Each structure stands twice: as C-alpha cells, then as structure tokens.
Amino acid sequence: MTSDSPARRVRTRVAPSPTGDPHVGTAYVALVNYCFARKHGGDFMLRIEDTDQARSTPESERSILAALRWTGLSWDEGPDVGGPHGPYRQSERSAIYARYSDELLENGHAFRCFCTPERLDAMRAAQRAAKVPQKYDGHCLTVPPEESARRAASGESFVVRMKVPSDGTIVVNDVSRGAIEFSFADVDMQVLMKSDGLPTYHLANVVDDHLMEITHVIRGEEWVSSAPKHLLLYQYFGWEPPALMHLPLLRNPDKSKLSKRKNPTGILFYERMGYLPEALLNFLGLLLAPAQEGHEIFSVAELTQRLDLAKISHGGPVFDVAKLDWLNGQYLRTIPAEDLIARTQRWGFDRDRIRRIAELAQSRVERLSDLIPTVAYLFAGRLPVTKASFAATKLDDEAIRKALALAMWGLDAERAFDVATIERVLKGVGEALGLKFRDLSRVYYVAMAGSTTALPLFDSMELLGRDLCRERFRLALDALGGVSAKEQKEWSP
RNA sequence: GGCGCCAUAGUCUAUCGGUUAGGACGCCGCCCUUUCAAGGCGGAGAGACGGGUUCAACUCCCGUUGGCGCUACCA
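Our subject in this report is the structure included herewith.

Rules behind the numbers
- Residues numbered from 1 in each chain as written.
- Chains lettered and ligands numbered in written order.
- Predicted model: local features only at pLDDT ≥ 70, side-chain atom pairs only at ≥ 80, totals over all residues.
- Heavy atoms only, no water.
- Helix = DSSP H or I, 4+ residues; strand = E, 2+ residues; numbered from the N terminus.
- Buried < 20%, exposed > 50% of the residue type's maximum accessible area, 1.4 Å probe, protein only.
- Core = buried A, V, L, I, M, F, W, Y, C linked by side-chain atoms within 4.5 Å.
- Contact = heavy atoms within 4.5 Å.
- Near = heavy atom within 4 Å.
- Polar contact = N/O pair within 3.5 Å; in protein donor to acceptor, adjacent residues only side chain to side chain.
- Pairing = 2+ DSSP bridges.
- Axes fitted to C-alpha atoms, helices over the stretch in contact; angles between N-to-C directions.
- Phe/Tyr/Trp six-rings, centres within 6.5 Å; stacked < 30°, edge-to-face > 60°.
- Lys NZ or Arg CZ within 6 Å of the ring centre and 35° of its normal.

## Thoughts on the environment of E398
By secondary structure assignment, the location of E398 is in helix α15 (residues 397-412). Taking relative accessible area as the criterion, E398 reaches 44% and is therefore assigned partly exposed. Sequence separation between E398 and L480 is 82 residues; the distance between their C-alpha atoms is 9.0 Å.

Here it is as structure tokens:
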C-alpha cells in the first residue's frame, strides 16, 4: 500500500492523551491526519488516550476538545460526535483490551510478570552500573503457566508483558523515512497491561487502530523506537498493520523539544494572544508542505491538495513565532473589516467577560476615559515589564524571582485555574516565603498587569487565563535574569 | 551508556549528480508617506567536518561531530 493509492478507505486519527493543556504539537499532528484523510476521501477521527489514571483529567480532555475545535479542524468520529467504532475514549474500552491481552497470554505471546517495582528498580540500577542496556531481564518468563494463572487468581499483583524474539531483526517501513531496522535484542519486553488492569499505550493503540480500521498512523517521531513493538503485536494478532509515518517533533529555538518551560506551547495561548486559527494552521502547514516560491499563504483546503507525506522534511522544525506573527498579520489585514470586528468581539469582548470586567473597574474609575487604560492589560498579550518595573514592590531581587517562580510552578501543578485556586496557590507562596500577602501581591500585580495599580489580582488572572499568565510569569522572570539551575533545584517544592 | 532519527543562511524550506544554490520570515537600506505601520524595491546572509565514488557532489557511500528522540506499570 502506498500513500497515494490506498487499497482500503483511508482512515486516520489523532489520539491525544488528556494529561495537560492542549499542545500545538497535537494541532500539528491533527492537521496532517485531517488533510491526509480529506485528500483521499477518507475519515479522520479523534480518540482520547486516557489509560493513565493518575495523570488523565476530564478538565484536560474538555480543554483539548475545545482547542481542537477552535482550530477549525473537524473529526468524523470521536467521543463528542460518536461514530460506528466507539467508544472513542480508551478508559471506556477496558473490557476490549482485557480480551486481547488474554488472547496474547493464551497464545504464549505474552506472560504475566510478578516483579515488584523494587526489584525492577534494583535491576535497572545494576544494569546502569554495569553499563549494559536497560531492559527487562525475563525473570518471570520462566514461571510455568499453571503457576502464573494460580498466582493471578489468588490476587497477586501482576502486569502483562509481551514476549520478544531473542534474536533476529524487524523492519519498520516508515512512509517517508523508508526502512528502519531494529534488532529484537534491543526491543524490551514491554508492559502491555498494568497492574490496575488498564492497558499501556502500546496495547491500547494497536488494538484500537485495528478495531477502528485505521489505515495510516501518522504520529510524532517519539514513537519510532516503539514501532517494532507495535508491529510485533500486529503480527501476534495476525492483523495487517497500518502504514506508519513519523513526523519530526516541533522544537524550541534552542532546538530542544518544544516545551512549556521555554515557550508557550498551548493552543489556547495562541488563541488568547489573538492569533487566527487559519494563521496557526497555515504556519503549521508550512512545516508539512514545502511552500511554492513566493506563495506561503494557503488554506487547509489548499494544503490538503498539496500534502505529500513522502515529502515532509525530517528535521525537527523550530517553532518560529516571528513567522507566525507575519502570517497572522497577513490574515488580519486581508479579512473584511466587518469580519475583523466580529472576530475581535468573539475573541475578547463577549458580553459576560465585558460585564465582569466593567463591574470590577467601576469603583476604580472617575471618568469614562479612565476605563480603557485601566483594563488595557486584560486585552494585551505580552507586557513590557523590566527590572525597573519591580522597584515599586520594595522587595529584593531574589525574593521577587522566587515569588514568581514558586507561583508559576504552583499554578502549573493545578488542574483548575479559577479565582479560588489562584488565591490558594499565591497565598501559599506568601506563607512559604514568610511575607505578608499584601506586600507579596505587588510582585504579581507588576508581572500580571504591568503595574501595582490594577483590577483585583485573582480575577485578573482568571480573566487572562492560564496560558497568558504563565507567559507573563516567564517574561517577568526573564526580565529579572531568570532562575538558575541551582535555584530551581533549591526552590522546587 | 545502548538503540534509533536528523543535518542547506539566525529560522522555515527548494534542489532529487552539472544551478551565479531559489523562495519566505527576520535583519539592514531605499521609495511611498503628516507619524507609525502596511506596501513596493534592493542588500547582507547557507551546503557541520573529513574521507571516498564520479568527468562532475549540497545531492550517493563511509566515518567524525553535533542536535533530537526512546531507553517507565507516561503517553
């Protein structure tokens, strides 16, 4: 099967894990999958991979759906729209995975592993010390099937691991990278079912892609090294594997993997900053399809025409905000003025938001002409804060930086971003630093509003939203010289 | 450390053995202009390094270096 003449109806998917804020990388992967499916008259679906009970949250899932919807990309099947291959949320498919895991166990392609985390840790430590590759040593491979079944039945905790041939090689045929060969000796006996009875990514992914009739798996490069395991699973089940394609990972300007510590990575950040979804998608599209000379501006429909998986370049592209800015400007300048007004209204002037801001501002203005300057920071992106801006806080440099860092990290660890949460976290920082919140708050006013005079802090922050607040924290910290690695270690909770 | 992926200007990229190495962002300059933008025009700026193969290498091969990813009962 080639990417140009698929034998079956093309079906692609994007499968985010709801463990954090919607990431631009998800939009990037969704975009290719969407365009590829459209190009071939196929289906594009959304699946939620929430098998990590500890980290998955419904808030994150809602936020990811909202962010993806904002981009304008639409899916034919998914947890919100349904479809014939549901459920589309992995946490609702446990019975299915258990069945396939049992099948593997029965056929001898997998085995129960009763090793404790402690033994596994010790094993890895020893391997590290001996400078040998870290992988499961096969300790439970020798447990006889009857004993294995008995121990499981008696309630002993176990995981299911896949068996891997002891020698030989396996070739991963990547649509654009070509053949990539791996020795089985380098493939670990991956855990397929966790002790909580839920599958790991590897099992769930393979089972779902097969059941959902996915023909092309287009995903991030971080999956290349586990592709052999996936292929092996298809083989064990006797299923035809889908075509595989690994996209390069988006990078920070320093070439490291795009991360929120160094850059805004949230789709919603770009929304809050006032980028148009068309511009964001156009920008991401530029990383997927070579621009024709002098023709950098194109729609998703045009990208769909031009997309050629084999031609996507393999180097990890830096997410160049300057170029996104230019593109967004192009879009903003060419849409009709009526449209500009409507979009601006939708972006930051919906009735409820305006009303709330007006109520907060009312007691703080004496003339109507005071209003706009008073609330301007709520409609701005990045603020021009400098070291001098913090003079009014009357705190020393280190205290300010620590206050900012602790607040940023504390807020990052929270699921919610509302007045109550923000208040709790920031006041907690005050206690940790032994400062009266009244004094400490000035630091946050400057960072969030650019001045110690503003509408109430917690409301302002909620109104600004998590992404914009994080960016302002980051910028304020930068203005003061940042946080050294040593400080980061000392200050971390 | 092991395995894998990658390597053209600061950034995104074109080139699929023979080009003055093309375009876009950014940067600089000029023009337009009541300012600032926008717009127009122009400019500086690139094949990581070392070996091969070939009449010819950015392009193919090998090595080095560098970047990145994986190396979890996370995805």
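What follows picks up the thread again.
## Focus: unusual backbone geometry
With an omega dihedral of -5°, the bond running from G86 to P87 counts as a cis peptide bond. The residue P87 is located in the loop between α2 (58-71) and α3 (94-106) in this model. Of note in the backbone geometry, K131 takes a positive phi value of approximately 55° without being a glycine. Topologically, K131 is positioned in the loop between α4 (117-129) and α5 (145-153). In this structure, K394 takes a positive phi of about 55° despite not being glycine. Turning to its location among the elements, K394 is positioned in the loop between α14 (368-375) and α15. When its relative accessible area of 74% is taken as the criterion, K394 is described as exposed.

## Re the nonpolar core
Ranked by internal contacts, the top residues of the largest apolar core, which has 98 residues, are L284, F319, L404, L426, Y444 and M461. When neighbours within four sequence positions are excluded, L284 is seen to be in contact with V24, A27, Y28, L31, L250 and F319. One finds C115, V206, L231 and Y234 within the second-largest nonpolar core, a separate group that totals 47 residues.

## Notes on the protein's contact with RNA strand B
In the vicinity of RNA strand B lie 52 residues, with D52, R177, K194, E293 and G294 positioned nearest. In RNA strand B, atoms within 4 Å of the protein come 80% from sugar and phosphate. At a separation of 3.1 Å, a sugar or linking oxygen of RNA strand B approaches a polar backbone atom of Q134. Between RNA strand B and the protein, one listed contact pairs a phosphate oxygen with a side-chain N or O atom of Q330 at 3.1 Å. At the level of secondary structure, the elements contributing two or more residues to the surface near RNA strand B comprise α4, β4 (159-162), β6 (178-183) and α11 (321-334). If one sorts the elements of the surface near RNA strand B by residue count, α11 sits on top with five residues.

## With respect to the sheet that holds strand β7 (residues 191-193)
With respect to topology, three strands assemble into an open sheet ordered β3-β4-β7, the strand pairing being antiparallel. Each end of this open sheet is capped by a strand with a single partner; those strands are β3 (110-113) and β7. Direction aside, the axes of adjacent strands within the sheet are offset by 45° on average. Sheet topology places β4 next to β7; two bridges connect them, and they run antiparallel. The residue of β7 that forms the bridge with R161 is V191.

## Observations concerning the packing of aromatic side chains
The description of two aromatic rings rests on the distance between their centres and on the angle between their planes. Throughout the structure, instances matching the rule amount to 15 aromatic pairs. Their ring planes at 70° and their centres at 5.3 Å tell us that Y100 and W239 sit as a pair that is edge-to-face. In this pair, Y100 is assigned in helix α3 and W239 in the loop between α7 (227-237) and β9 (243-247), connecting sequence segments 139 residues apart. The exposure classification of Y100 matches that of W239, with both residues buried. Every member of this aromatic cluster is reached through a ring pair, and the members are F269, Y270, Y275, F283 and F319. Here the guanidinium or amino end of R161 rests over the ring plane of Y136, the centre of that ring lying 3.9 Å away. Over the ring of F379 we find R353, and its NZ or CZ is 5.1 Å from the ring centre.

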